[in-house]
Amino acid sequence: MASPTSTNPAHAHFESFLQAQLCQDVLSSFQELCGALGLEPGGGLPQYHKIKDQLNYWSAKSLWTKLDKRAGQPVYQQGRACTSTKCLVVGAGPCGLRVAVELALLGARVVLVEKRTKFSRHNVLHLWPFTIHDLRALGAKKFYGRFCTGTLDHISIRQLQLLLLKVVLLLGVEIHWGVTFTGLQPPPRKGSGWRAQLQPNPPAQLANYEFDVLISAAGGKFVPEGFKVREMRGKLAIGITANFVNGRTVEETQVPEISGVARIYNQSFFQSLLKATGIDLENIVYYKDDTHYFVMTAKKQCLLRLGVLRQDWPDTDRLLGSANVVPEALQRFARAAADFATHGKLGKLEFAQDAHRQPDVSAFDFTSMMRAESSARVQEKHGARLLLGLVGDCLVEPFWPLGTGVARGFLAAFDAAWMVKRWAEGAEPLEVLAERESLYQLLSQTSPENMHRNVAQYGLDPATRYPNLNLRAVTPNQVRDLYDVLTKEPVQRNDKTDAGMPTTGSAGGSAGTQEELLRWCQEQTAGYPGVHVSDLSSSWTDGLALCALVHRLQPGLLEPSELQGLGALEATAWALKVAEHELGITPVVSAQAVVAGSDPLGLIAYLSHFHSAFKSTAHSPGPVSQASPGTSSAVLFLGKLQRTLQRSRAKENAEDAGGKKLRLEPPCLVSLPFPSAPSVHLYASPPSWPCPSTLPA
């Protein structure tokens, strides 16, 4: 049987396009394909249909079947849902490309700008079941034959970008490389539209492109002007990532991956590592993909002792800055740890090269997380409205230990595209913003366990993904500050000022610093017996402080009689429920995480919602003896609650000792600082084990 390429030259270009493994090869082969078919790239969905009509041989048809099935979902209205909408997407990371796919399927005109000219990030991402299904439905196996074969559930960032790039090109997205978005250019007069400020020297067609939707996926270091971000930081944890060349030899393929080895579960391994190499780790993960990828959490004193860090500095940026890290020592450290963890079976470990052609190894602090206070805004000038949305790290930087980055990134991409659809339908701007913020509140709570189990039904409509969805959790009146009508020329941004830097204040009234938030929490809980808030983590694990906070803000909501017989977990869950239903504070952290102290950043985000909503509420700080309105009820409330918790714990301990039954509290969740969600199941310790806060240092 003759090969398809022998009868049609375009078939050869298409096969080259499918198999291309470098960004430039993808672009050049697609350009050649379009040339052979007489098409111009970036022509939107009509371009896709023209390519499909002319490439109807068996290999291409298998891909068209998958893409047509997705495009045929009713929500896209056969590609006519957003035909009058013009979008600009900034950033060709996984989330920027994924939202571009959805916007293209809706029929919008989509232009994407990316400052880089190649994909070079080797680090490996863990995929939730729905992301694997989603990517397979877009033809991932066609573009990358090794995608999630067998039980594998991860992919390198570079490979994920490559396969999504191929999809957006086929769907007619117009892409410009080596172009940096520097800001917005408001319409100068009535009848004109919004444009982008771009560098360097964009082509006239791009410079004059007017759009009514801007989706920023440019990463956490650049957030469009007008958005406010907050930094949330936990206890210092130093992560080290290393990528080694994968020669794909038989010996290398036989080395098993390590989905997560943690000290608390395998102390003998880490003691042996320390004795053999002098390396002191908390955990280590190993994945195989384009490279041999290792990530580990190292103890600071060990890095100082082995000369990886020159000097101990209290400031994290200075501690892990390039001037304080010895590259050669860091390479020796990573190579020795990787060699020991794989019993030397990977042979000579040669570092892969990063984007700067340097050994791909780095040390970083992954306990700092930037989070945007809102996911969308609307700006209007001279009657021209612009909808702005954030996705990816621009919206929420992932907390590495939870391995949630790309999964929640894709969910946010779907939610942003849904917002654009509602915008195109003519919904009122405040309604669009309120609905988007309602979805944003759900994002930090999502996990494979609390979303719809049937991943095959997931689509653009949020109802297909989120159980118990409430699109009115945030009201239009609550998002009025997200709608800006510009009457003056915007102030030019100082080049030395990064719009993505954390703010010390905001129009939304959020806590600018953790110190401010802590002071506010201390003031609100002052006078409650047994409550001593000294931090934003361990002080909240017994449930007393959270109950006190809710009671202080609305004394009639929590009654001691309703909490009789409850343990710390149940009391915390009750407080979360009451705060959600009566105060409108969405629980962005679970009761289990609060009690175990396993999600400190989530707790900070949750308490920040209280501060934002009630910072103007009058309070009477001071000891109980300074009798003030509500003090007596607070004393009564917390006194009864504390005695209840003590009785409950005493009863549980007695039952444990007597062997009558196991404690009803769920397993303690241990927050292990390494970027590997596959090992999240390792975090659950047996019910009789102590939580990390009670373990010896």
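Residues numbered from 1 in each chain as written. Predicted model: local features only at pLDDT ≥ 70, side-chain atom pairs only at ≥ 80, totals over all residues. Heavy atoms only, no water.

1. Some thoughts on the pattern of salt bridges
All chains considered together, the criterion is met by 20 salt bridges. Of the charged contacts in the structure, one is a salt bridge between Arg465 and Asp415, with a shortest N-O distance of 2.9 Å. Of this pair, Arg465 sits in the loop between helix H16 (429-443) and strand S18 (483-485) while Asp415 sits in helix H15 (residues 405-424), and the two are 50 residues apart along the sequence. For Arg465, a relative accessible area of 0% puts it in the buried group. Classification of Asp415 as buried rests on a relative accessible area of 1%. Among the salt bridges present, the one from Lys421 reaches Glu425, with a minimum N-O distance of 2.4 Å. Here Lys421 falls in the buried class, since its relative accessible area comes to 7%. Residues participating in the shared-partner salt-bridge network are Arg70, Arg98, Glu102 and Asp134. (Salt bridge = Lys/Arg side-chain N within 4 Å of Asp/Glu carboxyl O. Helix = DSSP H or I, 4+ residues; strand = E, 2+ residues; numbered from the N terminus. Buried < 20%, exposed > 50% of the residue type's maximum accessible area, 1.4 Å probe, protein only.)

2. Here's the deal with empty space enclosed by the protein
If you walk through the whole model with that rule in mind, you get 4 cavities of 30 Å³ or more. Forming the boundary of the second largest cavity are Asp415, Trp418, Met419, Arg422, Val432, Glu435, Arg436 and Leu439. Sorting the residues of the lining of the second largest cavity by element identifies H15 and H16 as the ones contributing at least two each. (1 Å grid on protein atoms, 1.4 Å probe; cavity = no way out; pocket = protein on both sides within 12 Å on 5 of 7 lines; lining within 4 Å. Points joined across faces, edges and corners; volume = space filled by probe spheres on them.)

3. Comments concerning a positive patch on the surface
The grouping of Lys66, Lys69, Arg136 and Lys141 at the surface amounts to a positive patch. Summarising the element assignment, Lys69 is placed in helix H4 (residues 58-71). Judged by relative accessible area, Lys69 falls into the exposed class, the value being 69%. (Patch = residues over 30% accessible without salt bridge, like charges linked within 9 Å, V, L, I, M, F, W, Y side chains within 5 Å. Areas by Shrake-Rupley, 256 points an atom, 1.4 Å probe, with all protein chains shown as cover. Lys, Arg positive; Asp, Glu negative; His and termini not counted. Charge placed at Lys NZ, Arg CZ, Asp CG, Glu CD.)

4. Quick notes on the sheet that holds strand S1 (residues 86-90)
One open sheet holds the 7 strands; their spatial order is S5-S2-S1-S8-S17-S16-S18, and the pairing between them is mixed. Looking at strand neighbours, the two that pair on one side only are strand S5 (174-177) and S18, the edges of this open sheet. Taking each pair of neighbouring strands and ignoring which way they run, the sheet shows an average axis angle of 20°. Inspection of the sheet shows strand S8 (residues 213-216) paired to strand S17 (residues 384-390) by 4 bridges, in the parallel sense. Note on S17: the bridge partner recorded for Val213 is Leu387. (Pairing = 2+ DSSP bridges. Axes fitted to C-alpha atoms, helices over the stretch in contact; angles between N-to-C directions.)

5. Concerning the packing of helix H3 (residues 44-54) against H4
For the pair H3 and H4, the least separation of the axes is 11 Å and the interaxial angle reads 150°. Relative to H4, H3 is oriented roughly antiparallel. As for the relative orientation of H3 and H4, their crossing is left-handed in sense. In this structure, H3 contributes Tyr48, Ile51 and Lys52 to the contact, and H4 contributes Trp64, Leu67 and Asp68. (Parallel < 35°, antiparallel > 145°, perpendicular 65-115°, else oblique. Left-handed = near helix turned anticlockwise from the far one by under 90°. Contact = heavy atoms within 4.5 Å.)

6. Looking at the nonpolar core
Within soluble globular proteins, side chains that are nonpolar generally end up buried alongside one another. By size, the foremost hydrophobic cluster in this structure holds 174 residues, and its most contacted members are Phe14, Trp540 and Phe610. In terms of residue count, H15 provides more of this core than any other element does, 13 residues in total. With residues near it in sequence (within four places) discarded, Phe14 still touches Leu33, Leu55, Tyr57, Ala60, Leu63, Trp64 and Leu170. By size, the runner-up hydrophobic cluster in this structure holds 37 residues, among which are Phe244, Ile258, Leu346 and Ala363. (Core = buried A, V, L, I, M, F, W, Y, C linked by side-chain atoms within 4.5 Å.)

7. Quick word on unusual backbone geometry
Cis geometry is found at the peptide bond from Gln199 to Pro200, where omega equals -10°. Tracing the chain through its elements places Pro200 in the loop between strand S7 (195-199) and helix H9 (204-207). In this structure, His382 is a non-glycine residue whose phi angle is positive, near 50°. Position of His382 among the secondary structure elements: in the loop between strand S16 (376-381) and S17.

8. Some details on the sheet that holds strand S10 (residues 238-245)
Spatial ordering of the open sheet is given by S11-S12-S13-S10-S14, a layout of 5 strands whose pairing is antiparallel. Pairing within the sheet leaves two strands with one partner each, and these edge strands are strand S11 (258-262) and strand S14 (361-365). Across the sheet, the mean angle separating the axes of adjacent strands is 15° when strand polarity is ignored. In the sheet, strand S12 (residues 281-288) pairs with strand S13 (residues 291-298) via 7 bridges, with the strands oriented antiparallel. Across the sheet, Ile284 pairs through a bridge with Met296, a residue of S13. Against the sheet, helix H11 (residues 267-277) touches S11 and S12, its axis set at about 95° to S12. Across the sheet, helix H14 (residues 327-341) is in contact with S10, S11, S12, S13 and S14; its angle to S10 comes to roughly 75°.

9. Focus on H16
Given 3.6 residues per helical turn, the α-helix brings residues three or four places apart onto the same face. Over its 15 residues, H16 extends 21 Å from the first C-alpha to the last, a length consistent with the 21 Å expected when each residue adds 1.5 Å. When you tally the buried positions in H16, you get 13 out of 15 residues, the bulk of the element. (Expected span 1.5 Å × (residues − 1).)

10. Focus on the environment of Leu214
Within the element layout of this structure, Leu214 appears in strand S8. C-alpha of Leu214 to C-alpha of Leu88: the two residues are 126 residues apart in sequence and 4.9 Å apart in space. In this structure Leu214 touches Leu88, Val90, Phe181, Leu184, Leu386, Leu387, Leu388 and Gly389, once residues within four positions along its chain are discounted.

11. Examining the pairing of S14
Among the 5 residues that make up S14, 4 are buried, leaving the element largely enclosed by the rest of the structure. With 5 bridges joining them, S10 and S14 adopt antiparallel strand pairing. The partner of Ile238 across the bridge, within S14, is Asp365.

12. Describing the confidence of the model for the protein
The predicted structure's coordinates, where accompanied by low pLDDT, should not be read in detail. Mean pLDDT over the protein works out to 82, with 81% of the residues at or above the 70 mark. Taken together, the stretch residues 490-511 has pLDDT below 50 and engages in 43 contacts with residues farther than four places along the chain or on a different chain. Contacts for the low-pLDDT stretch residues 619-640, under 50 throughout, to residues beyond four places or in other chains number 34 contacts. (pLDDT = per-residue confidence, 0-100.)

13. Let's talk about the side chain of Asp360
Here Asp360 lies in the loop between H14 and S14. At 9.3 Å, Arg158 is the nearest oppositely charged side chain to Asp360, a buried residue that forms no salt bridge. Sequence-distant contacts of Asp360, that is, excluding residues within four places in its chain, are made with His122, Thr241, Ala242, Asn243, Phe351, Ala352, Gln353 and Asp354.

14. Structural notes on the packing of helix H17 (residues 514-525) against helix H21 (residues 600-614)
In contact at an axis separation of 10 Å, H17 and H21 are set at 70° when each is read in the N-to-C sense. In this view, H17 runs roughly perpendicular relative to H21, as classed from their interaxial angle. Classified by chirality, the crossing of H21 by H17 is left-handed. For the pair H17 and H21, contact is made by Gln514, Glu516, Leu517, Trp520 and Cys521 and by Ile604, Leu607, Ser608, Phe610, His611 and Phe614, respectively. Grouping the constituent residues of the contact of H17 with H21 by class yields 7 nonpolar, 3 polar and 1 charged. (Nonpolar A, V, L, I, M, F, W, Y, C, P; charged D, E, K, R; others polar.)

15. Here we look at the environment of Val578
With respect to the helices and strands, Val578 occurs in helix H19 (residues 568-583). When the C-alpha atoms of Val578 and Cys547 are compared, they prove to be 9.6 Å apart, with 31 residues separating the residues in sequence.

16. A few points about the environment of Glu570
Its location among the elements puts Glu570 in helix H19. With a relative accessible area of 28%, Glu570 lands in the partly exposed category.

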